[in-house]
Amino acid sequence: MLQGYGPIIIEGAWLTLTLALCSMALAILLGLTGAALRLSPLRWLANLGDAYATLIRGIPDLVLILLIFYGGQDLVNRIAPSLGYTAYIDINPFVAGVFTMGFIFGAYLSETFRGAFMAIAKGQAEAGAAYGMSGAQVFFRILVPQMIRFAIPGFTNNWLVLTKATALISVVGLQDMMFKAKNAADATREPFTFYLAVAALYLLLTSVSLLLLRAVERRYSVGTRLAEL
């Protein structure tokens, strides 16, 4: 049915999954940083976090991808001569895709993590301090496990959107699943067949993701359910 293009599309699917995982790892880091800034008692840090989240969430993803990829490459090549490097620098599409998607979804996750931390009662941290725990122990033993429980629904939604948004990176030349499907469709003149196959692979990826994330949610909700009993 795929006329020999199946292995090529599967190879692109693996690259898509790798891109999504690497982008989400960066997005988590930026999201936690953004949430910390927005919850900071220092007004200028809170404003900086709010500006990051508001600005990035207000611009379409495709526009940001093109702006960061082409604008970033132009900026690097303008700065490089001043550092003594005269050769043209061509940014790797995968690296550009990871940083672009991570930067975009870090803004979305900053809101998710901020809401999750705010949902935790302040008495939880105070109780940990009363037991003699250090600030790090309170954060990792009390706040983070509860934050994960509150953040899982929003995190799941962001992961699904990020996974589908990876298709946009093909516009900058990354040979992911969509890029290879387009080439196969152009060569065979059967776009419906290949795009349907890609849709099925995306559906499989998101379905497996939902099952895994629901398992994580159940894991972190065990204590809550037992308390309710």
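Definitions and cut-offs
Residues numbered from 1 in each chain as written. Predicted model: local features only at pLDDT ≥ 70, side-chain atom pairs only at ≥ 80, totals over all residues. Heavy atoms only, no water. UniProt positions renumbered as here; feature names shortened; annotations may be inferred. Helix = DSSP H or I, 4+ residues; strand = E, 2+ residues; numbered from the N terminus. Buried < 20%, exposed > 50% of the residue type's maximum accessible area, 1.4 Å probe, protein only. Contact = heavy atoms within 4.5 Å. Areas by Shrake-Rupley, 256 points an atom, 1.4 Å probe, with all protein chains shown as cover. Lys, Arg positive; Asp, Glu negative; His and termini not counted. Charge placed at Lys NZ, Arg CZ, Asp CG, Glu CD. Core = buried A, V, L, I, M, F, W, Y, C linked by side-chain atoms within 4.5 Å. pLDDT = per-residue confidence, 0-100.

In the nomenclature of an unreviewed UniProt entry, the chain corresponds to ABC transporter permease from the organism Ectopseudomonas alcaliphila. According to UniProt, the comment filed for the chain under the heading Sequence similarities (unreviewed entry) is "Belongs to the binding-protein-dependent transport system permease family. HisMQ subfamily."

(A) Just the overall build of the chain, in detail. Across its full length, the chain carries nine helices and zero strands. What you see in the chain, going N to C, is helices and strands ordered as α-α-α-α-α-α-α-α-α. Taking the principal axes of the C-alpha coordinates as reference, the chain spans close to 65 × 55 × 25 Å. Looking at the chain as a whole, 38% of its 229 residues qualify as buried. Sequence separation of 24 or more characterises 76% of the internal contacts of the chain that already satisfy a separation of 6 or more. Accessible surface for the chain amounts to roughly 13200 Å². Of this, 68% is attributable to carbon and sulfur atoms. Charge separation in the chain, taken as the distance between the mean sites of 16 positive and 12 negative side-chain charges, equals 8 Å.

(B) Broad picture of the nonpolar core. Counting residues in hydrophobic clusters, the biggest one holds 35 residues, and the most contacted among them are M24, M101, F105, M147, W159, L162 and I169. Secondary structure elements with two or more residues in this core: α1 (6-38), α2 (43-57), α3 (61-79), α4 (93-118) and α6 (135-165). Contacts of W159, omitting those with residues within four sequence positions, involve A20, L21, M24, S209 and L213. The next biggest cluster of nonpolar side chains, apart from the first, holds 10 residues, and it includes I9, A184, A185 and Y202.

(C) Quick peek at the environment of L48. One can find L48 in helix α2. Taking C-alpha positions, L48 is 8.5 Å from G34, a pair spaced 14 residues apart along the chain.

(D) Structural context of the environment of G173. Examined against the element boundaries, G173 turns out to sit in the loop between α6 and α7 (177-188). As a C-alpha pair, G173 and L162 span 11 residues in sequence and 18 Å in three-dimensional space. Residues in contact with G173, not counting those within four places in the same chain, are P93 and F179.

(E) Region of interest: the confidence of the model for the chain. Chain-level pLDDT for the chain is 86 on average; 96% of the residues reach the 70-or-more range. Looking at the elements of the chain, mean pLDDT is at its lowest for helix α9 (residues 222-228), recorded as 52, and at its highest for α1, recorded as 92.

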